[in-house]
Amino acid sequence: MSAAKSRPSPDHRPSTTGSARHLSVAPPLPEPLAVAVADSHTHLDMQDSTVEEALEKAAAVGVTTVVQVGCDVKGSQWAADTAEAYPNVHAAVALHPNEAPRIVLGDPDGWSRQGARGAGGDGALDEALAEIERLATLDWVKAVGETGLDNYRTGPEGRAAQERSFRAHIEIAKRQGKALVIHDREAHADVLRILREEGAPERTVFHCYSGDAEMAELCAKSGYFMSFAGNVTFKNAQPLRDALAVAPPELVLVETDAPFLTPAPYRGRPNAPYLIPVTVRAMAAVKGIAEETLAAAIADNTARAFDY
C-alpha cells in the first residue's frame, strides 16, 4: 500500500522558471458539479500534490472517481498499487506508444522516466508486455492503456516496435476482459485499421480524442468511447468541438490527462482532476444540453467503459 505514496519522477512538467513562473500556480477550484463524474484519464504520479490531496480537491467539486493511467512498467505498477490502496481510483496499465521503441531501440539520452537505457530488442519488449499482462489480471486494474500509435514523437525507425506493442496490448485487453485505452496522435487511419485487423475489445476508449467529426462518426459506428480533454476548450480546437457535437452522448467521456492539457482559461498552468468541471461545462455548451444531463451521461458512460 505504501507504494502508492512514492511517485516515480515524471517525464516532464509545466514550466516553472523565468517569465513563465506564474504558470506554476495552480488554478482555483471551480464551482462544484451538481452530478458527480469521473476523470477517465489522469496521471497522479506526474502531479505535484499527493494522491490524498488530489482526490480530496477533486471530490470537493464533484469528481469522485479517477482512472490512473500507466505509461511504462514502473508507472503501471504504481497505478495498480494506487488503485488497490484507494477505492475511488481505478488503474490502467500499459506501455505508452513511445515507450515501446525506447525498450527495443534504447533510450541513450534518458528522456523517459526510466533513465538512459541500451537497446533491449524484441526480447525486452516481450518481457515488458508480460509484466503488463500480469498487472492486467488484477481486479483493480480496469483497463489496458494507454497504448496505440504516436507518429508525432516516434519516427520511422520506431514504428515497427510501436505497432507490435499496440497489437499485443489489444490481445491482452481481450484475453483479460479489460477496456482498451488508446493514445492516437497523428495516426488516426492506422489506429482504426489495426483495430479492424485485430478486432477491438468490447470496450475501447479513445483517450484525449483528437480526430475530426468524420472520425467521430466512424468511432460511433464501432461503439468506441471518445474521451475529451481540456484542449476541447482551446481557441484553435474547432475540429474537436465539431467532433464532440456529433459524438453520441452515450459514448462521451471526460478527462484531464493531468498535468497536461489544462482547459482555458488556465491553459499552460498545472492540470489536475479538480478542473474537470471546467471542461464538462464547455462540453455541455458545445452539445447544447444542460450541464447536469451531460454529467449524468458521462458518469454512466465511464462506469460502463471501465466496468466498475
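Only a predicted model underlies this, so the values are computations on that prediction, with no experimental measurement involved. Throughout, residues of each chain are indexed from 1 in the direction in which the sequence is written. For this predicted model, a pLDDT threshold of at least 70 governs which residues receive local features, and a threshold of 80 or more governs which side-chain atom pairs are given and counted, while totals over whole chains, interfaces and linings are taken from all residues. To obtain the side-chain values, all non-hydrogen atoms of the structure were used and water was disregarded.

1. What to know about the side chain of Asp150
No. 1: Helix and strand definitions here come from DSSP, where helices need a minimum of 4 consecutive H or I residues and strands a minimum of 2 consecutive E residues; each element is numbered from the N-terminal end. Mapped onto the secondary structure, Asp150 falls in strand 4 (residues 141–150).
No. 2: Type-normalised accessible area, obtained with a 1.4 Å probe on protein chains alone, sets the label of each residue: buried when under 20%, exposed when over 50%, and partly exposed for intermediate values. Positive charges come from Lys and Arg, negative ones from Asp and Glu, while His and the chain ends are left out of the count. Salt bridges are defined by distance alone: a side-chain nitrogen of Lys or Arg within 4 Å of a carboxyl oxygen of Asp or Glu. Buried charged residue Asp150 carries no salt bridge. Nearest counter-charge: Arg185, at 4.8 Å.
No. 3: Engagement of the side chain of Asp150 in a polar contact is seen with the side chain of Asn98, the distance being 3.2 Å.
No. 4: Whether two residues are in contact is decided by their heavy atoms, any of which lying within 4.5 Å being enough. In this structure, Asp150 is in contact with His96, Pro97, Asn98, Gln162, His183 and Arg185, ignoring residues within four places of it in sequence. In protein, a polar contact means a hydrogen-donor-capable atom and an acceptor-capable atom, both N or O and within 3.5 Å, with residues adjacent in sequence counting only if both atoms are side-chain atoms; elsewhere, any N or O pair within 3.5 Å suffices.

2. A few points about the state of the cysteines
Linking two cysteines covalently through their sulfur atoms gives a disulfide.
No. 1: The disulfide criterion used throughout: a pair of cysteine sulfur atoms within 2.5 Å. Here the structure, examined in full by the defined rule, presents zero disulfides.
No. 2: Looking at Cys71, it has no disulfide partner, and the nearest cysteine sulfur is the one in Cys208, 12 Å off.
No. 3: Left unpaired, Cys219 is separated from the closest cysteine sulfur, that of Cys208, by 13 Å.
No. 4: When its relative accessible area of 0% is taken as the criterion, Cys219 is described as buried.

3. Remarks on the layout of surface pockets
No. 1: What the largest pocket holds in volume is close to 1100 Å³.
No. 2: Of the grid points, spaced at 1 Å and generated over the protein atoms alone, those admitting a 1.4 Å probe that cannot get out make up cavities, while open sets with protein on both sides within 12 Å along at least five of seven lines make up pockets; any residue with an atom within 4 Å of a point is treated as lining. Lining of the largest pocket is provided by 42 residues; of these, His183, Arg185, Asp257, Phe260 and Leu261 occupy positions nearest its centre.
No. 3: Residue assignment for the lining of the largest pocket shows that the elements contributing at least two residues are helix 3 (99–105), strand 4, strand 5 (179–185) and helix 8 (238–246).
No. 4: With three residues, strand 5 is the single largest residue contributor to the lining of the largest pocket.
No. 5: Gly counts as polar in this scheme, as do all residues outside two lists: the nonpolar Ala, Val, Leu, Ile, Met, Phe, Trp, Tyr, Cys and Pro, and the charged Asp, Glu, Lys and Arg. Within the lining of the largest pocket, the residues separate by chemical class into 13 nonpolar, 14 polar and 15 charged. Grid points are joined across faces, edges and corners, and a volume is the space filled by probe spheres set on the points.

4. Some details on helix 9 (residues 276–287)
No. 1: Helix span, expected: 1.5 Å multiplied by one less than the number of residues in the helix. Here helix 9 contains 12 residues, and its C-alpha end-to-end distance of 17 Å stays within 8% of the 16 Å for a straight helix at 1.5 Å per residue.
No. 2: Inspection of helix 9 places Ile276, Pro277, Val278, Thr279, Val280, Met283, Ala284 and Lys287 among the buried residues, and these make up the whole buried set.
No. 3: Taken together, the buried residues of helix 9 touch strand 1 (37–42), strand 2 (63–69), strand 7 (225–228), helix 8, strand 8 (252–254) and helix 10 (291–306).
No. 4: Taken from the residues just after helix 9, Gly288 is the one with a positive phi, measuring 70 degrees.

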